[in-house]
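If you want the building blocks of each chain, they are given just below.
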Amino acid sequence: MTYTLERVARQAEEAKSLAVHTSRALRDLKRGTKSGLSGRDRFVRHAVLRALATGRPGITYEDVYREVYRERAATSPAMMTVPTWAAELAAVDVGEFLADGVQPLALARLAAFGRQVSLDGLGSLKVPYRPPGDDVGGWVGEGAPIPVDSLDFGTVTISPRKAAAVSTFTNELRKRATADIETLLETALRTDLASVVDAALVDDQPGSALRPAGLRFNVAAVTASTATDPLVAMRADLAKLAGEIMAGGGTMPVFLVNPVQMTSFGFLPNIAYGVIDTPAVPAGTVIAVDGPGFISGNGSAVIDASKDAVLHEDTAPSPIVAGGTAASPTRSLWQTDSIGVRAIIDVAWGLPAGRSAWMQGVTW
């Protein structure tokens, strides 16, 4: 049988495509998932397609998908209009992206201990809770009347707030790192969003139209132990913080610490409560939160890419407008042959009063 070079090349391409599908099927079997990609993968892949299709006239998302992932034409790419892929980048996709990976967000890990709600289509949401010391009922003798009391509830109101980040990379990097472009963008977006979201989660600033209130807002710091033995001081500090949570009506404290303090937990082999480490917590500071009382939510996301935008490269950017205050330094993506990828997500969190405590200056 005569084989032409074109036929051999086509068969080789089909064999490679089959190998890719087999590899993904085995991965999905190991994960226990039915769909081809997890929510986290869909989130990242959508960003990849946005970035790689930017600035290439006549190149569609389908073209980029087949070019990068070597899929057959019948397979649809991760597009906003395609169900089962990244349609509207559903909240579950965003949640998986925030919770998975090498550096998962502290918000996502804390959310796993509490109540999670969807923010899609919500302007605000009121969640009821029972205030401390409001229990009813008691022991009753035979034939005696049962005490009657009112059930009082407090409410926590959470409203979606927009967290956004922009990452840039050069076109040369895109060309040379095509094989690892997902890892590149995932790392960039995760790092950027973590710096925005986690910093606000653990700070002491009030809630506003821009952001939710930090866990330390309007909460006085508890005095840390002065014991010279670090292990003794650690036990005393954690017990004091747990006591504050219980006194506020909480049931299960979760501790948020800096990675420096996280190393000390190795000396407490049987700690009963959750511990979350994040660089967003200053070294020497420990925050305790009532896990079941923590309410959080995330909504759908928007991912865009541009090669023509002008950016003000600052952590507190100013509007770039004609006749306004000069924003400096600025970068023209077109002039520097760079690509910018922007991710916008809706997040919210809240906590009943008295369900958080913190201290600073710990000695362990």
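Preceding this paragraph is the structure being described.
So, how was this worked out
- Residues numbered from 1 in each chain as written.
- Predicted model: local features only at pLDDT ≥ 70, side-chain atom pairs only at ≥ 80, totals over all residues.
- Heavy atoms only, no water.
- Helix = DSSP H or I, 4+ residues; strand = E, 2+ residues; numbered from the N terminus.
- Buried < 20%, exposed > 50% of the residue type's maximum accessible area, 1.4 Å probe, protein only.
- Contact = heavy atoms within 4.5 Å.
- Areas by Shrake-Rupley, 256 points an atom, 1.4 Å probe, with all protein chains shown as cover.
- Pairing = 2+ DSSP bridges.
- Axes fitted to C-alpha atoms, helices over the stretch in contact; angles between N-to-C directions.
- Polar contact = N/O pair within 3.5 Å; in protein donor to acceptor, adjacent residues only side chain to side chain.
- Salt bridge = Lys/Arg side-chain N within 4 Å of Asp/Glu carboxyl O.
- Parallel < 35°, antiparallel > 145°, perpendicular 65-115°, else oblique.
- Expected span 1.5 Å × (residues − 1).
- Lys, Arg positive; Asp, Glu negative; His and termini not counted.
- Core = buried A, V, L, I, M, F, W, Y, C linked by side-chain atoms within 4.5 Å.

Novice: For this particular structure, what's the right way to read the overall build of the protein?
Specialist: Helix and strand content of the protein: nine helices and twelve strands. A total of 364 residues make up the protein; the buried ones form 40% of that total. Of the contacts formed within the protein by residues at least 6 apart in sequence, a portion of 72% connects residues at least 24 apart. Counting every atom, the protein has about 19,500 Å² of accessible surface; 56% of that belongs to carbon and sulfur.

Novice: Any chance you could explain the sheet that holds strand β7 (residues 286–290) here in plain terms?
Specialist: Taken in spatial order, the four strands line up as β6-β5-β7-β12 in an open sheet, and their pairing is mixed. Every interior strand has two partners, whereas the edge strands, β6 (275–277) and β12 (356–359), have only one. Neighbour to neighbour, the strand axes of the sheet diverge by 20° on average, direction disregarded. The pairing of strand β5 (residues 253–257) with β7 spans five bridges and is classified as antiparallel. Looking at the pairing, Pro253 lines up with Asp290 of β7. Packing against the sheet, helix α8 (residues 230–247) makes contact with β5, β7 and β12, and its axis sits at approximately 155° to β12.

Novice: Any chance you could explain the side chain of Gln261 here in plain terms?
Specialist: Topologically, Gln261 is positioned in helix α9 (residues 259–262). A polar side-chain atom of Gln261 sits 2.8 Å from the main-chain amide nitrogen of Gly284. From its side chain, Gln261 meets the backbone oxygen of Trp364 in a polar contact 2.9 Å long. When near neighbours in sequence (up to four residues on either side) are disregarded, Gln261 contacts Ala283, Gly284, Thr285, Val362 and Trp364.

Novice: Explain the pattern of salt bridges to me, please; I cannot follow it from the model alone.
Specialist: Should their charged atoms come close, side chains of opposite charge can pair. Within this structure, the stated rule accounts for five salt bridges. The partner of Asp304 in a salt bridge is Arg342, and the shortest N-O contact between them spans 2.7 Å. Taken together, the residues Asp304 in strand β8 (residues 295–306) and Arg342 in strand β11 (residues 338–350) connect sequence positions 38 residues apart. Arg342 gets classed as partly exposed once you look at its relative accessible area, which sits at 37%.

Novice: How should the packing of helix α2 (residues 39–53) against helix α4 (residues 91–99) be read in this particular structure?
Specialist: Angle between the axes and distance between the axes: these two values describe a pair of packed helices. Direction vectors running N to C along α2 and α4 enclose 95°, while the axes themselves pass 7 Å from each other. Judged by the angle between their axes, α2 and α4 are roughly perpendicular. In this structure, α2 uses Gly39, Arg40, Arg42, Phe43 and Val44 to contact α4, whose residues at the interface are Asp93, Val94, Glu96 and Phe97.

Novice: What's the story with α8 in this structure? I'm lost.
Specialist: Note on helix geometry: an α-helix contains 3.6 residues per turn, so any two residues three or four positions apart are oriented the same way. The first and last C-alpha atoms of α8 sit 26 Å apart over 18 residues, in line with the 26 Å expected at 1.5 Å per residue. Buried residues along α8 sit against β5, β7 and β12. Two to three positions downstream of the cap, the backbone nitrogen of Leu231 sits 3.0 Å from a side-chain oxygen, assigning the N-cap of α8 to Asp229. Looking at the residues trailing α8, positive phi occurs at Gly249, about 95°.

Novice: It is not clear to me how the side chain of Asp198 should be interpreted in this structure. Could you clarify?
Specialist: Mapped onto the secondary structure, Asp198 falls in helix α7 (residues 181–201). Of the side chains with opposite charge, Arg109 lies nearest to the buried Asp198, which makes no salt bridge, at 5.2 Å. Reaching out from Asp198, the side chain makes a polar contact with the backbone nitrogen of Ala106 at a distance of 2.9 Å. Not counting the four nearest positions on each side in its chain, Asp198 is found in contact with Leu105, Ala106, Leu107, Leu193, Thr278 and Ala280.

Novice: Help me out: how do you make sense of the nonpolar core in this one?
Specialist: One recurring pattern in soluble globular proteins is that nonpolar side chains are buried together. Core analysis: the largest hydrophobic core is formed by 48 residues, its most contacted members being Leu201, Leu215, Leu256, Phe294, Val341 and Ile345. Contact partners of Leu256, with chain neighbours within four places excluded, come to Leu110, Leu201, Val202, Leu215, Ile276, Val281, Thr285, Val286, Ile287 and Val289. Listed in part, the 17 residues of the second largest apolar core include Met234, Phe265, Val286 and Ala288.

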